[in-house]
Amino acid sequence: MTTRTISFTLNGEAVTADIKSYHNVVEILQRDFNLTGARESCGQGMCGCCTVLVDGTAVSGCLYLAAFLDGTEVRTIESLADGDKLSPVQEAFIEAGAFQCGYCTPGFILMATQLLDENPDPDEDEIKHYLSGNLCRCAAYPEIIKAVKIAARKRKGE
Amino acid sequence: MDAPAPHGQPQAGGQVGRSLPRIEARAKVTGRAEYTHPMRLPGMLHAKIFRSTAAHGRIISIDASPAQKMPGVHRVVTSEDVRRVIPEPYYGPAFHDQPILAIDKVTYVGEPVAVVLARDPHIADAAAQLISAEYEELPAVFDEVEATDNQILVHEELRPAGTFADLKHLKGRRGTNVALEFKLRRGDVDAAFAAAAHVFAHTFKTQKVLHAALEPIASIADWKESGLTIYSASQGPSIVRTEIARLIGWPENRVRVKVPYLGGGFGGKLYIKLEALATALSMIARRPVKVALSMEEQFYTITKHPSTFRIKTGLDKTGRITARKCEVYWNGGAYADIGPRVTQKSGFTASGPYDIDNVWIDSYALYTNLPPAGALRGFGIPQLVWAYESHADMIARALKLDPLEFRRKNILREGRPHATGTIMRDVKLETALDRVAELLNWKQPLERGRGLLRRGRGLAIAMKAVISPTTSVANVSIAADGSAILSCGTVDMGQGSDTAMVQIVGDVLNVPAESIGVVPRDTDVTPYDMGTLGSRSLFHMGHAVRLAAEEARDKVKALAREVGEPEGSNAPISELFKKKYGMQAGTIVGTGIYKPDYVPPDPANGLTPNATPFWMCAAAGAEVEVDTETGSVRILRLVNVVDCGNPVNPAIVATQISGAALMQLGFTMFEKMQIDAGQVTNASLADYKIPSVLDVPPRMENEAVTAHQSNGPFGAKGVGETGTFCVSPAIANAIDDACGVRLTELPLSPEAVLRALRAKDNKELEDQ
C-alpha cells in the first residue's frame, strides 16, 4: 500500500501528514498530531463523537478519508477556545451542565457552533433537529438544549 | 449546642450542597480530557480479535496461516500461546469461568478465539478476517427458562471464584446451568394463598440490551519483567489489579492499573474485560499492546440480563397483599461475570417495596449460549420493577382500586421489616410517590384524547438495597503550602464523583472545593476501592474521603499545637509547616477507610437483620398518547422523584436522575438486541437505536425529595441508578390506562402495542 503526503491547515497551522488511502481523519489527528478531541465511537457516522470541521463544514472524522484533507482547512475542538478564553458555546455547556462523561461533548459543541453560525436564534425544535445526528449515552440532552439557548444569548452579547 | 454529627453535617455556606460545575468541565469542553480508547504508547501493537461464529461448539482447528503471512502482521495468538504465559487463563468475579481466548470450545457467537497483532490496526483487522476456524457444533441453549432443565450444558463444570465474602458458600458443581440460586422464605406462603380472597399470577420478560458506552471498551498493557502497567477504561481498577496479579502470579505491587476519565461505563466496564487479554498479549509480544473494541464488538462483550419473572400475589378482600411468590430467571449468557451477585443482591428485593408477611423468592442465575450479561445501571432492579409494578397495576385494575391508593395501602413504611427481615430506615418512598401523584395532578381526571389518539397515565415505585459489604479507602494529603489533594479509586465516568468528593473534602477542611486537587486513578497511588458500581461510591467512598479529610484536619490542628499556636488560631497552614520544618517542607496525610456493617443472608431462608447500609427509593409517573391505528406511543410527560438523602451537588443529582430515566426510556421503548440462533443481528448503532435528542419527552421533571440519610456522609446516599427503576412500568401502566392493552414484555414497540390492540379486538396480526 503506497503512502502519500498531504498538506492542509490544521487549527490555523500549515501541516503535512504521511497517509495511506485507508486512513481516516480521526486516526491521523490522533496519530500524527496528538489531537484526541475527535474520537471514534460508533464507526458509522451515527454518533458524531468524531466531528471535525473541514473547510467550515462538520464531517464525521471516522468516515472521512484523510486523503480528502489535502489542501483543506481543518478545525478541531482544540481550536475553539482563544487561549484561556472559552467560546460562548463551551461556556454555555459548562453553565448548563450539558455533559456527563464528556466523550461526545466536542462533537455536540462543534455542531452547536455550526448551528448558531447558520441560525443565531434557533427555537427548540430547530435545536433538536440540528443535533439529532449526535448521540449522548449519558443522555444530557435537556441540558444540551439549554446550553445552546444560553450560547445563542451569549453570542448576541446578552 | 448539639454534639457534632458523626457523619458530617451539611451547613449553610458549606461546600456540600453547592451546585458546582464538574471540576473537569474545562478539559471536557476543550477536548483535552483523557480517555483510554484514543490513547497511544510508543511502540505499541494493535490487537484485533477473531471471534467465534458458533454459539456452542468444539474447536476442531484454527487456520491462522493466511493471516500470519500478511505483510505487517506481527503475529497471530491463540489460547495455546496464552497458556504458555498464563497457564490458568480463566477469570471472572464470581466464577473463574471465562478464558482469555476460547480453549477447546466456544460458548457463544462472538467469543474471542484468536488475535492478530500488528503495528497498523488496519492490517491487524484485515488479517483477522483471513483466519478461519472449524467447529463441531453442539446443541445450544438461549432461553433462561429452558436452560434450567439442564439438557444442554454450557459448561461441564462450574468453578466459583471465592472472591466475595457472601458467595463463599458456592461449590463447584457439574451437570447444571444454574450458577447460583437464591432463596428467600418468609412466613407461610402456601397457607396465605389458601386463605387469600384474590390471587393473581403473571409472567413478565425483559430483553437483552447493551450499555453502549460511547467510548468503547479499551485496554493497553505494557508488560516488563520489572512490572506491568495497564491503562484501562475500567470502573474498578482495584479489582482489575487483584485479578491480573492472581492470573500472572505476581504480587499486587508489580501490577499498576491507570484509569483516565471514562467515556461512559454504566456497569459495562467492571471487573476484567480486556485487561487480561491485553496483559497476555503484551507478555507474548514483549511490548505494549492495545485492545480497543469497535462499537460492534461491545455487543459481544457484556450486556444486560434478559429475565423471566413469574410473580403471584394473594390479597385479602380489602386489597391488602398477604402473600407473594417470585420466581426470577436471569439469563447470564455464556460467562457468569457478576450475574450471581445480581441474582442474589437484587433477587432479595423481588417482592418489591411492599409490606408483605408471607414471601417466597427463588432467583436463578443461568448460563446460556449468549454473549455474557453483567451489571447495567440498576444491577437487576429495573427488570424486577418492570414486573412487580406492572403486576401491581394489573391487580389494582382487576380489583377496581386506584393504582395510587393500592400502592399506599401496601407500601413498605419506615420502621417496618422488609421481606429479608431488615427494618426499613431512611426510606422516603411514600413521600416520593405522593410527590409524583401531586405533579401528575392524579386526583383530577386526565384529558383522554380523541379519535385514534388515546391518552393515559401510570405510576410506579421501587427501591433497591445498595450492594454490601464493600470497602473504600481514601487519602487526603496536605502540601507544605497548605493545598490539598485527594487520592481515591472512584472512577469518574460522568457521574461527577470527582466533584462530589472534593466538595466533601472542602467542607471538612473549610476551603473551596475547587481548590482541592484530585490524583488520577492509579493503583500505585490511589488506595483500594471495591469499584465504581451500584450507586455505592458517594456513600462508601464519600465516608472514606470524609474520614481522610477529618484525619488530615486533625493532624493540622496537632501541628498547630506542636508549633505553639494558641487554640483557635487562624495561622495559615503554610506557616505551621514553616515553623515546624524551617522552610516550605513536609506533608500531612489523612487516611479514611469505610466498610459498613452487614449480616449476610442465611443461605437456608435468605433472611438477615442487616441486608444493606441504605435503601434507594424512586417513584415515577408517565403520561402517554397512543396512536391506536399504528401502535406508536408518544411519551408526553415523564416525572421522576427519588430519595437520595441530602444531595451533595443538587445540579449533578438532577442530571443523574434525568440521564438515568432517558437511558431507561430507550430500554423501555425500542432498544433490543435482535438475536438469531445466537447471532446478534443488529450489532451497530445504525441498527440498534439508542435515545437521541428527539426522544426526550416534551415534559420531563426530575426531583429529589427533602431527605437526610442518617448514616450517610453529610446525609447523602447514592443516586446513579435510581432514575432508571420505575420508567418501564410507569409507561406500560400509562399505555394500559390509555388504550386498555397490557404488555408484559419489553420493549414497548409500536408493533407490540399494535399486536396487543388488534388481539384485544380479536383481529390478530399475522406473524411475518
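Because the structure is predicted, anything quoted here is derived from the model rather than measured.

Calculation criteria
- Residues numbered from 1 in each chain as written.
- Chains lettered and ligands numbered in written order.
- Predicted model: local features only at pLDDT ≥ 70, side-chain atom pairs only at ≥ 80, totals over all residues.
- Helix = DSSP H or I, 4+ residues; strand = E, 2+ residues; numbered from the N terminus.
- Rg over C-alpha atoms; globule rule 2.2 N^0.38 Å.
- Buried ≥ 20, exposed ≤ 12 C-beta atoms within 10 Å, placed from the backbone.
- Contact = placed C-beta atoms within 7 Å.
- Domains from an automatic or database assignment.
- Nonpolar A, V, L, I, M, F, W, Y, C, P; charged D, E, K, R; others polar.
- Pairing = 2+ DSSP bridges.
- Axes fitted to C-alpha atoms, helices over the stretch in contact; angles between N-to-C directions.
- Parallel < 35°, antiparallel > 145°, perpendicular 65-115°, else oblique.
- Left-handed = near helix turned anticlockwise from the far one by under 90°.

Remarks on the overall build of chain B
Then, in step 1: From N to C terminus, chain B includes 18 helices and 31 strands.
Then, in step 2: In terms of overall size, chain B behaves like a compact globule, its C-alpha atoms giving a radius of gyration of 27 Å where 768 residues would be expected to give roughly 27 Å.
Then, in step 3: Along the first, second and third principal axes, the C-alpha atoms of chain B reach 85 × 80 × 50 Å.
Then, in step 4: Each of the 768 residues in chain B was classed as buried or not, and the buried ones make up 59%.
Then, in step 5: Sequence separation of 24 or more characterises 81% of the internal contacts of chain B that already satisfy a separation of 6 or more.

Thoughts on the domain arrangement of chain B
Size of an interface: often given as the accessible area lost when the parts come together.
All names here are of chain B.
Then, in step 1: Under the domain assignment used here, chain B contains domain 1 (25-33 + 470-594) and domain 2 (140-205 + 214-419).
Then, in step 2: Computed over C-alpha atoms only, the centres of domain 1 and domain 2 are separated by 34 Å.
Then, in step 3: Facing the 18 residues of domain 1 at the interface are 20 residues of domain 2.
Then, in step 4: Class assignment of the residues belonging to the side of domain 1 that touches domain 2 gives a composition of seven nonpolar, six polar and five charged.

Topic: the domain arrangement of chain A
Residue and element names in this part refer to chain A.
Then, in step 1: The domain architecture assigned to chain A consists of domain 1 (3-77) and domain 2 (88-155).
Then, in step 2: A separation of 22 Å is found between the C-alpha centroids of domain 1 and domain 2.
Then, in step 3: If you look at the interface, domain 1 gives twelve residues, while domain 2 gives eleven residues.
Then, in step 4: Of the residues assigned to the side of domain 1 that touches domain 2, the class counts are eight nonpolar, three polar and one charged.

A few points about the sheet that holds strand 26 (residues 587-594) of chain B
Think of a sheet as strands paired side by side through backbone hydrogen bonds, with each pair either parallel or antiparallel.
All names here are of chain B.
Then, in step 1: Read across the sheet, four strands follow the order 24-23-22-26 without closing on themselves; strand pairing throughout is mixed. The outermost strands of the open sheet, each flanked by one partner alone, are strand 24 (517-518) and strand 26.
Then, in step 2: In the sheet, strand 22 (residues 472-479) pairs with strand 23 (residues 484-488) via five bridges, with the strands oriented antiparallel. Bridge pairing in strand 23 places Asn 475 opposite Ser 487.
Then, in step 3: Together, strand 22, strand 23 and strand 26 form the strand contacts of helix 14 (residues 537-562), whose direction differs from that of strand 26 by roughly 145°.

Structural notes on the packing of helix 6 (residues 237-248) of chain B against helix 7 (residues 275-285) of chain B
Residues and elements named next belong to chain B.
Then, in step 1: Following both chains from N to C, one finds helix 6 and helix 7 inclined at 40°, their axes separated by 10 Å at the closest point. Here helix 6 is positioned oblique relative to helix 7, judged by the angle of their axes. By crossing handedness, the relation of helix 6 to helix 7 is classed as right-handed. Where helix 6 abuts helix 7, its residues Val 240, Ile 244, Leu 247 and Ile 248 lie against Glu 275, Ala 276 and Thr 279.
Then, in step 2: In terms of residue class, the contact of helix 6 with helix 7 is made up of five nonpolar, one polar and one charged.

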